[in-house]
Amino acid sequence: MEVRFKDYIIQTQLPVSLTGNQCVINTINPHSYCIAEEDPEFKRALTTSDLLLPDGVGIVWASRFLYGIKIRKVAGYDLHLHLLGLLNQNHGKAFYLGSTDETLEKIKIRLQSEYPNIEFHCYSPPFKPEFDEQDNMDIQNAISDANPNVLFVGMTAPKQEKWVLQNKALLDVNIICSIGAVFDFYAGTVKRPSKVWIDLGLEWLPRLVNEPRRLWKRTFISSPKFIFYLINSRYSAST
């Protein structure tokens, strides 16, 4: 399934192979859409994705509201599990870029239990707004030495998507995907909302309650802006 959402081509088909040309996978939700509309580099990172997934119930609703097309939400967590399944079947290599050493160690331990055929590699980069040339060289060398099939990037948006855009040509990796908070969810350092909230399309609510300082902006600023865009687009299309 594919739908064009303004400048963004959104798809829901997940990769079925670890081979072939490099595939960069990103996700979009109402908050990232609003940021991208004001950040040209972030927008370019999303619009040039080989696969852009609707990781937000707002994008699902927007597709139906504007075009009458029903698509399914594909969360970054679902993408992560799907790729782990492929890697495990093929005895592949996974590289996790981002987060702390403690979180990465928790991911490693869980992977060894749930996906024993996967060869795990990781790198915890410096916590700074932008990496300098030496930082990028260290990251690239670590990835090159591991020679992974899949690179998971977890540095929060839009930093992670911009980094991939700037560095993907230098990386010999089949699949690169930016999955942000999934690192913490999978490691168990942050609890993901239960399936009940997810099925209701309200996954954002318990996350807001648990992390109000980090998530208030996307809920109370980005969401109204996104709704305004939808109404304006619907009205403009009918006149």
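In this text, all values refer to a predicted model and were calculated from it rather than measured experimentally. (Residues numbered from 1 in each chain as written. Predicted model: local features only at pLDDT ≥ 70, side-chain atom pairs only at ≥ 80, totals over all residues. Heavy atoms only, no water.)

**Re the environment of Met1**
Stage number 1. By secondary structure assignment, the location of Met1 is in the segment before strand 1 (2–5).
Stage number 2. C-alpha separation for the pair Met1 and Arg72, spaced 71 residues apart in sequence, amounts to 9.0 Å.
Stage number 3. Residue contacts for Met1: discarding those within four places in its chain leaves Ile10, Gln11, Thr12, Ile69, Lys70 and Ile71. (Helix = DSSP H or I, 4+ residues; strand = E, 2+ residues; numbered from the N terminus. Contact = heavy atoms within 4.5 Å.)

**Concerning the pattern of salt bridges**
Stage number 1. Going through the model one piece at a time under the given rule, you end up with seven salt bridges.
Stage number 2. Close ionic contact of Lys43 with Asp7 constitutes a salt bridge, the shortest N to O distance being 2.7 Å. One end of the pair, Lys43, is in helix 2 (residues 40–47); the other, Asp7, is in the loop between strand 1 and strand 2 (8–11), and 36 residues separate them in sequence.
Stage number 3. The partly exposed category is assigned to Asp7, whose relative accessible area is 38%. (Salt bridge = Lys/Arg side-chain N within 4 Å of Asp/Glu carboxyl O. Buried < 20%, exposed > 50% of the residue type's maximum accessible area, 1.4 Å probe, protein only.)

**Details of the environment of Lys106**
Stage number 1. Relative to the assigned elements, Lys106 resides in helix 5 (residues 101–114).
Stage number 2. By relative accessible area, which is 42% here, Lys106 ends up partly exposed.

Treat this as a map of the structure, not an account of what it does.
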